[in-house]
Amino acid sequence: MALYSEKVMDHFRNPRNVGVIEDASGVGEVGNAVCGDIMKIYLKIDNDIITDVKFETFGCGSAIASSSMATELIKGRPVSEAMALTNKAVAQALDGLPPHKLHCSVLAEEGIKAALKDYFDKNNIPYDKSQFPDCDSCGHCH
Ligand code: FES
């Protein structure tokens, strides 16, 4: 069996939603301290709906494929659905990632969460801090 699924290869070769949103509602930047890869996610949110999403990823192929798929999964969806997106769902949508590459999909989940947190903070929207358990210890995005 090939190491990477067709979908991983497709999203790696033709990543969707690459770029920057200048007037983003929320921006999240996360990194993986071990591999050094960095991902930045930009969200445009209107009336609680993610109307646009873009990403920049300086990282491995799996991180690029994961960011691309994650942006596709949340585009046009309500904020609550984006909050609930897990790295498992991203990996499943890609028809799986090799076990040693699963952490790359975690970067996508964390990037989206960091962008949502930025959106909540900027707009004084109350949220349950326990939904961002890693933020205090990590500190990447603030
Ligand atoms: Fe770093 Fe994939 S090896 S995110």
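Scope of this entry: the structure provided in the associated data block. Worth saying up front: this structure is predicted, and the values here are computed from it rather than measured.

## Considerations on the overall build of the chain
Working step 1: A tally of regular secondary structure across the chain gives 6 helices and 3 strands.
Working step 2: Moving toward the C terminus, one meets the helices and strands of the chain in the order α-β-β-β-α-α-α-α-α.
Working step 3: The C-alpha radius of gyration of the chain comes to 14 Å, within 12% of the 14 Å expected for a compact globule of 142 residues.
Working step 4: Overall, the C-alpha framework of the chain stretches about 50 × 30 × 25 Å when taken along its three principal axes.

## So, the nonpolar core
Working step 1: Within the largest apolar cluster, 34 residues are counted, with the highest numbers of intra-cluster contacts made by Ile-41, Leu-43, Ile-74, Ile-112 and Leu-116.
Working step 2: Those elements that provide at least two residues to this core are strand 2 (38-46), strand 3 (49-58), helix 2 (61-74), helix 3 (79-83), helix 4 (87-93) and helix 5 (102-122).
Working step 3: The element contributing the most residues to this core is helix 5, with 9 residues.
Working step 4: Once you skip the residues sitting within four places of it in the chain, Ile-112 turns out to touch Ile-41, Leu-43, Ala-70, Ile-74, Ala-82 and Leu-85.

## Side note on the packing of aromatic side chains
Working step 1: Applying the stated criterion across every chain, the model contains 4 aromatic pairs.
Working step 2: An angle of 70 degrees between the planes, with centres 6.5 Å apart, marks the rings of Phe-120 and Phe-132 as edge-to-face. Here Phe-120, found in helix 5, pairs with Phe-132, found in the loop between helix 5 and helix 6 (135-138); they are 12 residues apart in sequence, far enough to count as distant. Note on accessibility: Phe-120 and Phe-132 belong to one class, buried.
Working step 3: For the pair Tyr-127 and Phe-132, a centre-to-centre distance of 5.2 Å together with 80 degrees between the ring planes defines the contact as edge-to-face.

## Re helix 2
Working step 1: The end-to-end C-alpha distance of helix 2 is 20 Å, a good match for the 20 Å that 14 residues give at a rise of 1.5 Å each.
Working step 2: Of all 14 residues that make up helix 2, 11 are buried, and the element is covered over most of its length.
Working step 3: In this structure, the buried side of helix 2 is in contact with helix 1 (6-13), strand 2, strand 3, helix 3, helix 4 and helix 5.
Working step 4: Looking one or two places after helix 2, you find Gly-76, whose phi comes out positive at around 80 degrees.

## Let's talk about the pairing of strand 3
Working step 1: For strand 2 and strand 3, the ladder comprises 9 bridges, and the chain directions are antiparallel. Within strand 3, the residue paired with Asp-46 across the bridge is Ile-49.
Working step 2: If you look at the hairpin formed by strand 2 and strand 3, you'll find 2 residues sitting between the two strands, and Asn-47 has a positive phi there, around 50 degrees.

## With respect to the environment of Asp-48
Working step 1: By the element assignment, Asp-48 lies in the loop between strand 2 and strand 3.
Working step 2: A relative accessible area of 40% places Asp-48 in the partly exposed class.
Working step 3: Separated by 26 residues in the primary sequence, Asp-48 and Glu-22 place their C-alpha atoms 19 Å from one another.
Working step 4: Those residues within four positions of Asp-48 in sequence are excluded, and the remaining contacts are Arg-77, Pro-78 and Val-79.

## Details of the packing of helix 2 against helix 5
Between two packed helices, both the angle of their axes relative to each other and the distance between the axes serve to describe the pair.
Working step 1: For the pair helix 2 and helix 5, interaxial distance at closest approach is 8 Å and the crossing angle is 40 degrees. When the axis of helix 2 is compared with that of helix 5, the two are oblique. Classified by chirality, the crossing of helix 5 by helix 2 is right-handed. In contact with Ser-62, Ala-63, Ser-66, Ser-67, Ala-70 and Ile-74 of helix 2, helix 5 contributes Cys-104, Ser-105, Ala-108 and Ile-112.
Working step 2: Residues that form the contact of helix 2 with helix 5 fall into these classes: 6 nonpolar, 4 polar and no charged.

Definitions and cut-offs
- Residues numbered from 1 in each chain as written.
- Predicted model: local features only at pLDDT ≥ 70, side-chain atom pairs only at ≥ 80, totals over all residues.
- Heavy atoms only, no water.
- Helix = DSSP H or I, 4+ residues; strand = E, 2+ residues; numbered from the N terminus.
- Rg over C-alpha atoms; globule rule 2.2 N^0.38 Å.
- Core = buried A, V, L, I, M, F, W, Y, C linked by side-chain atoms within 4.5 Å.
- Buried < 20%, exposed > 50% of the residue type's maximum accessible area, 1.4 Å probe, protein only.
- Contact = heavy atoms within 4.5 Å.
- Phe/Tyr/Trp six-rings, centres within 6.5 Å; stacked < 30°, edge-to-face > 60°.
- Expected span 1.5 Å × (residues − 1).
- Pairing = 2+ DSSP bridges.
- Axes fitted to C-alpha atoms, helices over the stretch in contact; angles between N-to-C directions.
- Parallel < 35°, antiparallel > 145°, perpendicular 65-115°, else oblique.
- Left-handed = near helix turned anticlockwise from the far one by under 90°.
- Nonpolar A, V, L, I, M, F, W, Y, C, P; charged D, E, K, R; others polar.

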